[in-house]
Amino acid sequence: RSKMSAPDRVSMSDLEGMGKKDLVDALQKIAPLSFLQEHKLNGKVDAVAKRANKDKVIAAYNELHDKGIFSTDEEREKEKLALDLEKTKLEEEKAAAAAQKAGDDDAAA
C-alpha cells in the first residue's frame, strides 16, 4: 500500500493567520481517520470547527507533520469501511449472545 507523500508544511505564522474552518479542512484532507478520531477532529468541517480549539487544531497539524503520517481520501475511506465492518460484526456477536442467553433462560425455566 503506497503512502501519501508528505504535503508541504504550512508555516506557523500562516497557520495562525488561517481561519479555524480552513485549518480543520486542511487537516482532514491529509490526516488518517484514526488520527482525526483520536484528536476529535473527524466529522463535518463546520461542526468540527465550531467545537475545536484553534490552538489544538494547530497542535494536531504540527503533530501530524512531525510524525509524518499522511493519508489519501481513498485510504481514509478504506479505514472507515474497516471500522464500520468491525462495528457491525461486534453488534452481530452481541445480538447472537443475547439470543443465546434468552434461549438458555427459557431452557432453565
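Everything here concerns the structure above.
Note that this is a predicted model, so its numbers are computed, not measured.

1. Side note on the nonpolar core
Then comes step 1: Leu-27, Leu-41, Val-57 and Leu-64 are the most contacted members of the largest nonpolar core, which totals 18 residues.
Then comes step 2: At the level of secondary structure, the elements contributing two or more residues to this core comprise helix H2 (20–30), helix H3 (33–38), helix H4 (45–51) and helix H5 (54–67).
Then comes step 3: Among the elements that take part in this core, H5 stands out by supplying five residues, more than any other.
Then comes step 4: Beyond its immediate sequence surroundings of up to four residues, Leu-41 is in contact with Leu-27, Gln-28, Leu-36, Val-48, Ala-52, Val-57 and Ala-60.

2. Topic: the side chain of Arg-76
Then comes step 1: Locating Arg-76 in the fold gives a position in helix H6 (residues 73–108).
Then comes step 2: Assessed through its relative accessible area of 10%, Arg-76 is described here as buried.
Then comes step 3: There is a polar contact of 3.1 Å between the side chain of Arg-76 and the backbone oxygen of Lys-29.
Then comes step 4: Those residues in contact with Arg-76, other than ones at most four positions away along the chain, are Gln-28, Lys-29, Ile-30, Ala-31, Pro-32, Leu-33, Leu-36 and Ser-71.

3. Some details on H5
Then comes step 1: Helix length check: H5, at 14 residues, gives a terminal C-alpha distance of 20 Å against a target of 20 Å (1.5 Å per residue), a fit within 8%.
Then comes step 2: Within the sequence span of H5, burial applies to Val-57, Ile-58, Ala-60, Tyr-61, Asn-62, Leu-64 and His-65.
Then comes step 3: On its buried face, H5 is in contact with helix H1 (12–17), H2 and H3.
Then comes step 4: One or two steps after H5, the chain reaches Gly-68, where phi turns positive at roughly 70°.

4. Thoughts on the pattern of salt bridges
Then comes step 1: Considering all chains together, one arrives at seven salt bridges under this definition.
Then comes step 2: The residue Asp-25 makes a salt bridge to Lys-29 at a minimum N-O spacing of 3.1 Å. Here Asp-25 and its partner Lys-29 are both found in helix H2, four residues apart, which amounts to about one turn of the helix.
Then comes step 3: Residue class for Asp-25 comes out partly exposed when judged on its relative accessible area of 29%.
Then comes step 4: With a relative accessible area of 51%, Lys-29 lands in the exposed category.
Then comes step 5: The shortest N-O distance in the salt bridge between Arg-76 and Asp-73 comes to 2.5 Å. Of this pair, Arg-76 and Asp-73 both sit in helix H6, three residues apart, roughly one helical turn.

About the cut-offs
- Residues numbered from 1 in each chain as written.
- Predicted model: local features only at pLDDT ≥ 70, side-chain atom pairs only at ≥ 80, totals over all residues.
- Heavy atoms only, no water.
- Core = buried A, V, L, I, M, F, W, Y, C linked by side-chain atoms within 4.5 Å.
- Buried < 20%, exposed > 50% of the residue type's maximum accessible area, 1.4 Å probe, protein only.
- Helix = DSSP H or I, 4+ residues; strand = E, 2+ residues; numbered from the N terminus.
- Contact = heavy atoms within 4.5 Å.
- Polar contact = N/O pair within 3.5 Å; in protein donor to acceptor, adjacent residues only side chain to side chain.
- Expected span 1.5 Å × (residues − 1).
- Salt bridge = Lys/Arg side-chain N within 4 Å of Asp/Glu carboxyl O.

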